[in-house]
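The lines below spell out each chain.
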Amino acid sequence: MLIPARMSEAEERRWVSVMLDKLAAQENKRILGDSELAERAERLSAQYFEGRARPVSVRWVTNQNTRWGSCTPAEGSIRLSHRLQGMPEYVVDYVLVHELAHLLVPGHGPRFWRLLDAYPRTERARGYLEGVVAADRLPHLPAARGE
Ligand SMILES: [Zn+2]
């Protein structure tokens, strides 16, 4: 980041925070609708699971504040917390991939995480979400993985 010369420390701090807000706003401008979310899930399933994960419905929900995503394999339904809206695409994709994987493997055993290894940004996305949770000072870090 380029910082103009001759700034006082306070000015510099303000400048940095303005630039960070601008960057965040750029990341935030794209919010997918429910139908786009379903298309995205289909693409991710094709890309990482050879299309084997076939959700019946994929949608945003606003009543899910302690989990990023959830899935009911019997119904083939996937729900994503609206709190993910505005987060970077790779983070939303990670949660989708995570829930898609649950259509194939329930629980969080070694087989599940091996499936998730197919998605190259799993660790980075989990780190991002853990950071969000830590920033919120919520007491339930493990929920950052979704269910
Ligand atoms: Zn899970």
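Since the model is a prediction, treat every value here as computed from it, not as a measurement.

Visitor: Whenever I open this one, the coordination of the zinc ion confuses me. Can you help?
Guide: Octahedral metals with six donors have ideal donor angles of 90 or 180 degrees. Tetrahedral metals with four donors have an ideal donor angle of 109.5 degrees. Around the zinc ion, the protein contributes the donor atoms His98 (NE2), His102 (NE2) and His108 (NE2), at 2.0 to 2.1 Å from the metal centre. Taking relative accessible area as the criterion, His102 reaches 5% and is therefore assigned buried. A relative accessible area of 29% means that His108 is categorised as partly exposed.

Visitor: Hey, could you run me through helix α2 (residues 34-49) in this one?
Guide: Quick reminder: α-helices carry 3.6 residues per turn. Residues three or four places apart thus point the same way. Over its 16 residues, α2 extends 21 Å from the first C-alpha to the last, a length consistent with the 22 Å expected when each residue adds 1.5 Å. Along α2, the positions that sit buried rather than exposed are Leu37, Arg40, Ala41, Leu44, Ser45, Tyr48 and Phe49. Here the buried residues of α2 occupy an arc of 140° about the axis, which is enough to place them on one side. Exposed and facing more than 90 degrees away from the buried side of α2 are Ser35, Glu42, Arg43 and Gln47.

Visitor: Looking at this structure, I do not really get the nonpolar core. What am I missing?
Guide: Nonpolar side chains in soluble globular proteins generally cluster together in the buried interior. In this structure, Leu37, Phe49, Trp68, Leu80, Leu84, Tyr94 and Leu129 are the most contacted members of the largest nonpolar core, which totals 34 residues. Elements that contribute at least two residues to this core include exactly α2, β1 (57-61), β3 (77-81), α3 (89-104), α4 (110-116) and α5 (122-136). With nine residues, α3 is the single largest residue contributor to this core. Every residue in contact with Leu80, bar those within four places of it in the chain, is listed here: Leu37, Arg59, Trp60, Val61, Gln64, Trp68, Gly69, Val92, Val95, Leu96 and Glu99.

Each value, and the rule that gives it
What you see as residue numbers is a count from 1 along each chain, following the sequence as written. Only residues with pLDDT of at least 70 are given local features in this predicted model, and only at 80 or more are side-chain atom pairs given and counted; all residues enter the totals for whole chains, interfaces and linings. Excluding hydrogens and water, the side-chain figures rest on all heavy atoms present in the structure. Each metal's donors are the N, O and S atoms within 2.8 Å of it, or within 3.2 Å when it is Na, K or Ca, and because water is not part of the set, sites may look incomplete. Throughout this description, buried means an accessible area under 20% of the type-specific maximum (1.4 Å probe, protein chains only), exposed means over 50%, and partly exposed covers the range between. Helix numbering and strand numbering both begin at the N terminus, where a helix is a DSSP run of H or I of at least 4 residues and a strand a DSSP run of E of at least 2. Expected span, for any helix, means 1.5 Å times one less than how many residues it has. Working definition: the arc comes from the directions between the helix axis and the C-beta atoms, pointing outward to the latter. Buried residues of nine kinds, namely Ala, Val, Leu, Ile, Met, Phe, Trp, Tyr and Cys, make up a nonpolar core once their side-chain atoms join them within 4.5 Å. By the convention used here, residues are in contact when the closest approach between their heavy atoms is within 4.5 Å.

Limitation: the analysis is restricted to geometry and does not speak to function.
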